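A look at the structure
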Amino acid sequence: MRLGVGTLLRNLAPLVVGVALASILHFWIQPASGAFATKVLVDIGINVILAVSLTLVNGFTGQFSIGHAGFMCVGGYVAAAVTYYGSHRLYGDAFLHGGVLSWTAGQGGVAGPLLAGGDLLFVVACLLGGLAAAVAGYVVGLPSLRLRGDYLAIVTLGFGEIVRVLFQSTQPQLFLAGEIQSQSTWRLGTMLGGALGFTSVPFYSTLFWVYAFVALTLLATYRIKQSGYGRAFLSIREDEVAAEAMGVHTTRLKVRAFVLSSFFAGLAGALFAHSIGSINAGELGFQKSFDVIIMVVLGGMGSISGSTLAAIILTILPEVLRTATEHVNRYLPESYALPDLRMIIYSLALIVMMIVRPQGLFGLHEIWDFRKKARRHEGT
Amino acid sequence: MDALLEIRDLSIAFGGLKAVQDFSLTLARGDLQGLIGPNGAGKTTVFNLVTGVYRPQVGTVRLGSRVLNGLRPHQIAAAGVARTFQASRLFADLTVRDNVRIGCQLRATHGLWATVWRTTRHVADEARIRDRCEQLLATFGLTKRRGELARNLPYGDQRRLEMARALATDPQVLLLDEPAAGMNPPEKLALRELIRSVRRQFDVTILLIEHDMGVVMDICERITVLDYGVTIAVGTPQEVQRDARVIAAYLGTPETEAR
């Protein structure tokens, strides 16, 4: 296979742009925006990865998975354990050992190298988290993707619950450096904090790393959608019998979509754990899966840009609503105070959506497809 | 005779219903044969048995020297047997172009990794698929409609798109399930010519199910007639048309009326 420098540049150009944007966010936007906005931006990035990865399965192949938080959980725990215990093994403590890219301004000294050993540890942890989730996706997907529709939904729902229970029944987390040093690596793998969750995870998930992984996710999914693989995925969703007759190995492709989707969900889980400094399976139950499904359904089943947009809106909306209710409540007597409106607005939005536009905001299409279509109409 | 597709003693029963019994048929390379019979005679079941949608309980299907029965539908498509469907099974929400490209994809060679990194091989593969797709669309007069969703096509165009999509898999044998259904008379006339030219241009062997006797009798060289899952006649169009059992099956006899 010939791979010239030119081709390599063209292939990686979108990723370079993505990393450049992530750098801009990290070095200029983050210091100016303050801690709260940074937190929201990080959440947006993580939710974009979750929504786009779920669209691979629920949108492209038309299978209905409702256990996405389970894969997020697997990736989060594995990555958190790797950085926490790994950091202890390498540095003797679980503080940040990264370069400038892993430092959030306002947390103290920003001087240092661009990348340091801790960054490598973190990136490897994220990839391992993704891989662990992918393996889980394979194990769940292989037997259950022969099932259709509702049955798969039930299996994935069950999987999410099993994951939650498994992580909640792990051994207590170790915090003392001496104890950690004396344990074998395999035993450490079972000490994930149980019902208390896994805490003290170093805060590596800066805007840079989150958005670098967002760029990677968007690039990979978009290229897949544009290729023969994407078309084969879509053919399964359209008509499985016809897809088989056209030579599409439907079972294998469904499993592949599922594994890919799980990988990115695991990645999102890893970023999540390193953004809030802990991970707790109890908080990543069915409700979290459902939040992601809402994003995919609203954005359009199969639309990458639609899911992205929906993830952005649905991450900002609760914050806006919360601020708005707080403002209004200040002028209302306490007994008339408005409750948390988030779930009410979500449910209403979903109901309206299902009536008006069941295929989601963008359906299968990307946002720019509509501009193209509009131009064509003007032309003729 | 150079047998390309050899179907021997194929049988399947659904519960107590013997849908197809001891069905045998041999297609030589370049043949254009017809499979007819009243509604519910088991014609589509034969197609489903050959393409692996159903597994035959008895009998064998052979393409050249390769045994096809027991294979999954996608493996049979890869072996070189393509089909269209009676009720349209197009990928309705995809464009005309993408429908055809999914068929072309069967002969592509690049993997998932190559897709994500957009390697030279992937780019070359996609370009080849695009060219082949354009060529097929041109053959079937669908070039102008390539950007439209399949569901928005007029019925006749949908039937042609089904054929284009099946041919995209580069088959040796093409099974057409009622290609003329829903077409108007001028379209049906054009279809006869189209099927003949497809056979020449793509070098395929064709077996077609069709209710329109004008089409069948005109283009098929040999016809097999099914009734209640049983083969009641085989022969040239002239022979079949004269066959008393065929006439009885289609028009009924006082005896069958009474039943």
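Above this text is the structure in question.
A brief structural summary. (Residues numbered from 1 in each chain as written. Chains lettered and ligands numbered in written order. Predicted model: local features only at pLDDT ≥ 70, side-chain atom pairs only at ≥ 80, totals over all residues. Heavy atoms only, no water.)

Describing the overall build of chain A
From N to C terminus, chain A includes 14 helices and zero strands. Listing every helix and strand of chain A by position from the N terminus yields α-α-α-α-α-α-α-α-α-α-α-α-α-α. For 380 residues, the compact-globule estimate of 2.2 N^0.38 gives 21 Å, and chain A sits close to it at 22 Å. The principal-axis extents of the C-alpha atoms in chain A amount to approximately 70 × 65 × 45 Å. Counting the 380 residues in chain A, one finds 52% classified as buried. (Helix = DSSP H or I, 4+ residues; strand = E, 2+ residues; numbered from the N terminus. Rg over C-alpha atoms; globule rule 2.2 N^0.38 Å. Buried < 20%, exposed > 50% of the residue type's maximum accessible area, 1.4 Å probe, protein only.)

With respect to the sheet that holds strand S3 (residues 32–36) of chain B
All names here are of chain B. The sheet built from six strands is open, its strands ordered S6-S7-S8-S3-S9-S10 with mixed pairing. The sheet is open, and its two edges are formed by strand S6 (81–83) and strand S10 (230–235), each paired on a single side. Across the sheet, the mean angle separating the axes of adjacent strands is 20° when strand polarity is ignored. Where S3 meets strand S8 (residues 205–209), four bridges bridge the pair, whose relative direction is parallel. Residue glycine 34 lies in a different strand from S8, and its bridge partner there is leucine 208. Contacts from helix H10 (residues 244–251) reach S3, strand S9 (222–227) and S10, with the element oriented near 125° to S10. (Pairing = 2+ DSSP bridges. Axes fitted to C-alpha atoms, helices over the stretch in contact; angles between N-to-C directions. Contact = heavy atoms within 4.5 Å.)

Quick notes on the interface of chain A and chain B
With 34 residues of chain A in contact, the opposing surface of chain B contributes 33 residues. Of the roughly 3100 Å² buried between chain A and chain B, counting both surfaces, carbon and sulfur atoms make up 65%. It is Arg223, Arg231 and Met246 of chain A that lose the most area in chain A upon contact with chain B, and together they represent 25% of the buried surface on that side. For the pair chain A and chain B, the interface holds three salt bridges. When the shortest N-O distance is used, the salt bridge between glutamate 244 of chain A and arginine 72 of chain B registers 3.1 Å. One can count eleven residue pairs in polar contact (both at pLDDT 80 or more) joining chain A with chain B. (Buried area = accessible area lost by both parts, 1.4 Å probe. Salt bridge = Lys/Arg side-chain N within 4 Å of Asp/Glu carboxyl O. Polar contact = N/O pair within 3.5 Å; in protein donor to acceptor, adjacent residues only side chain to side chain.)

Remarks on the nonpolar core
Among the nonpolar cores identified, the biggest contains 108 residues, and Tyr85 and Phe198 of chain A are the most heavily contacted of them. Top contributing element to this core by residue count: helix H1 (residues 5–61) of chain A, with 15 residues. Excluding its chain neighbours within four sequence positions, the residues that come into contact with phenylalanine 198 of chain A are Tyr77, Ala80, Ala81, Tyr84, Tyr85, Gln173, Met191, Leu192, Gly193, Gly277, Ser278 and Ile279 of chain A. In this structure, Met163, Ala168, Leu194 and Met217 of chain B belong to the second largest nonpolar core, which totals 46 residues. (Core = buried A, V, L, I, M, F, W, Y, C linked by side-chain atoms within 4.5 Å.)

Points about the side chain of serine 262 of chain A
All names here are of chain A. Mapping serine 262 onto the fold places it in helix H10 (residues 250–276). Residue class for serine 262 comes out buried when judged on its relative accessible area of 1%. Separated by 2.6 Å, the side chain of serine 262 and the backbone oxygen of phenylalanine 258 make a polar contact. Excluding its chain neighbours within four sequence positions, the residues that come into contact with serine 262 are Phe71, Gly130, Ala133, Ala134 and Gly137.

Topic: the sheet that holds strand S2 (residues 17–28) of chain B
Residues and elements named next belong to chain B. Strand order in the open sheet formed by four strands is S2-S1-S4-S5, and the pairing between neighbours is antiparallel. At either margin of the open sheet sits one strand with a lone partner, and together these are S2 and strand S5 (66–67). Bridge count for strand S1 (residues 3–14) against strand S4 (residues 58–63) is five bridges, and the pairing is antiparallel. Bridge pairing in S4 places arginine 8 opposite threonine 60. Most of the contacts of helix H1 (residues 43–50) go to S1, to which it runs at about 115°, and overall it touches S1, S2 and S4.

Focus: H1 of chain A
Residues and elements named next belong to chain A. For H1, with 57 residues, the first-to-last C-alpha span of 35 Å runs short of the 84 Å given by 1.5 Å per residue. The axis of H1 is deflected most strongly, by about 130°, at glycine 34. Positive phi shows up at glycine 62, right after H1, with a value of about 70°. (Expected span 1.5 Å × (residues − 1). Bend = angle between axes of the 7 residues up to and from the residue.)

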